[in-house]
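Descriptive structure summary
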Amino acid sequence: MKLDPFYLIVDSAAWIERLVPLGVKLVQLRIKTLDEAGLRAEIRKAKGLCAQHCCQLIVNDYWRLAIEEGCDFVHLGQEDLAAADLLAIRYAGLKLGLSTHDHPELEMAIAAEPDYIALGPIYPTVLKQMKWAPQGLKRISEWKHRVVPIPLVAIGGLTPDRLDGVFKAGADSAAVVTDITLNADPEARTREWIEKTKPWR
């Protein structure tokens, strides 16, 4: 499986409506603070928008809702992986992405046979407090060697200026959150990411 090299992560369908039409082809909907009805509505809206623009939607965490809403991709963190029904996910035909931050998590992820593995944080990040130190480019190369042929997603503190190093180290896709959503001009920054990732598309 080939992932688009530009992997946008946002926390609402409103962001998807705003940025996906610019040419985004891979987006994760990651929402942490909504009830089930609100989550379902956001997933439905995001799914419709992504279908209109030929963009792959990945639902974070909520694998049961992703199945019920007919989505085709879910991303899980390690805690969610431990509680998830992987057989149900596979039976529903969903592709699976998994987060990793250290060697034990990598072993768990590989054993689950996901469709991609994410490594982070590569650089310091303002998104959330992390108990893991920045991984750096050498760790990307190490992870890539371990996970081939599974695609590897790099995440954490990435900017357009850092992408050459990230991809040369072995990442297949670069995930971004705050570099776009906290930017003074998210649309312009999104276009910059699309342009910068062209050589790896």
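Our structure's up above, just so we're on the same page.
Notes on the structure follow. (Residues numbered from 1 in each chain as written. Predicted model: local features only at pLDDT ≥ 70, side-chain atom pairs only at ≥ 80, totals over all residues. Heavy atoms only, no water.)

1. Comments concerning the nonpolar core
- Of all hydrophobic cores here, the largest spans 56 residues; its most connected members are Leu8, Ile16, Val27 and Ile140.
- The element contributing the most residues to this core is helix H2 (residues 36–52), with five residues.
- Membership of the second largest hydrophobic core comes to 11 residues, among which are Leu3, Ile9, Phe73 and Tyr116. (Core = buried A, V, L, I, M, F, W, Y, C linked by side-chain atoms within 4.5 Å. Buried < 20%, exposed > 50% of the residue type's maximum accessible area, 1.4 Å probe, protein only. Helix = DSSP H or I, 4+ residues; strand = E, 2+ residues; numbered from the N terminus.)

2. Some remarks on H2
- With 17 residues, H2 should cover 24 Å at 1.5 Å per step; its first-to-last C-alpha distance of 24 Å lies within 8% of that length.
- Those residues of H2 not exposed but buried are Gly38, Leu39, Arg40, Glu42, Ile43, Ala46, Leu49 and Cys50.
- Of the surrounding secondary structure, the elements contacted by the buried residues of H2 are helix H1 (13–19), strand E2 (26–29), strand E3 (56–60) and helix H3 (63–68).
- Residue Cys54 follows H2 closely and has a positive phi angle near 55°. (Expected span 1.5 Å × (residues − 1). Contact = heavy atoms within 4.5 Å.)

3. Points about the environment of Ile117
- Along the chain, Ile117 falls in strand E6 (residues 116–119).
- When the C-alpha positions of Ile117 and Thr100 are compared, they lie 7.0 Å apart, and in sequence the two are 17 residues distant.
- Those residues in contact with Ile117 that lie beyond four places of it in its chain are Leu98, Thr100, Leu106, Ala109, Ile110, Trp143, Val147, Ile150, Pro151, Leu152 and Val153.

4. Regarding unusual backbone geometry
- Residues Gly120 and Pro121 are joined by a peptide bond in cis, for which omega reads -10°.
- Mapping Pro121 onto the fold places it in the loop between E6 and helix H7 (136–147).
- That bond from Val148 to Pro149 is cis: its omega, 10°, falls within 30 degrees of zero.
- Relative to the elements of secondary structure, Pro149 occurs in the loop between H7 and strand E7 (152–155).
- Of note in this structure, Asp61 is not a glycine but carries a positive phi near 75°.

5. Some details on the side chain of Gln28
- Position of Gln28 among the secondary structure elements: in strand E2.
- For Gln28, the side chain forms a polar contact with the side chain of Tyr7, separated by 2.7 Å.
- Filtering out sequence-adjacent residues up to four positions away, Gln28 remains in contact with Tyr7, Leu8, Ile9, Val10, Ile58, Asn60, His75 and Tyr116. (Polar contact = N/O pair within 3.5 Å; in protein donor to acceptor, adjacent residues only side chain to side chain.)

6. Here's the deal with the state of the cysteines
- Summed over the entire model, instances satisfying the criterion amount to zero disulfides.
- Cys55 carries a free sulfur, and the closest cysteine sulfur to it, the one in Cys50, is 4.1 Å from it.
- You can see Cys71 has no disulfide; the closest cysteine sulfur is in Cys50, sitting 9.1 Å from it.
- The class of Cys71 is buried, set by a relative accessible area of 7%. (Disulfide = S-S within 2.5 Å.)

7. Considering the pattern of salt bridges
- Within this structure, the stated rule accounts for 16 salt bridges.
- The closest approach of N and O atoms between Glu17 and Lys45, which form a salt bridge, is 3.3 Å. Residue Glu17 is found in helix H1, and its partner Lys45 is found in helix H2; the two are separated by 28 residues along the sequence.
- We classify Lys45 as partly exposed; its relative accessible area is 38%.
- The residue Arg40 makes a salt bridge to Glu68 at a minimum N-O spacing of 2.8 Å. Of this pair, Arg40 sits in helix H2 while Glu68 is found in helix H3, placing the two residues 28 residues apart along the sequence.
- The exposure class of Arg40 is buried, given its relative accessible area of 17%. (Salt bridge = Lys/Arg side-chain N within 4 Å of Asp/Glu carboxyl O.)

Keep in mind that these numbers describe shape and distance, not what the molecule does.
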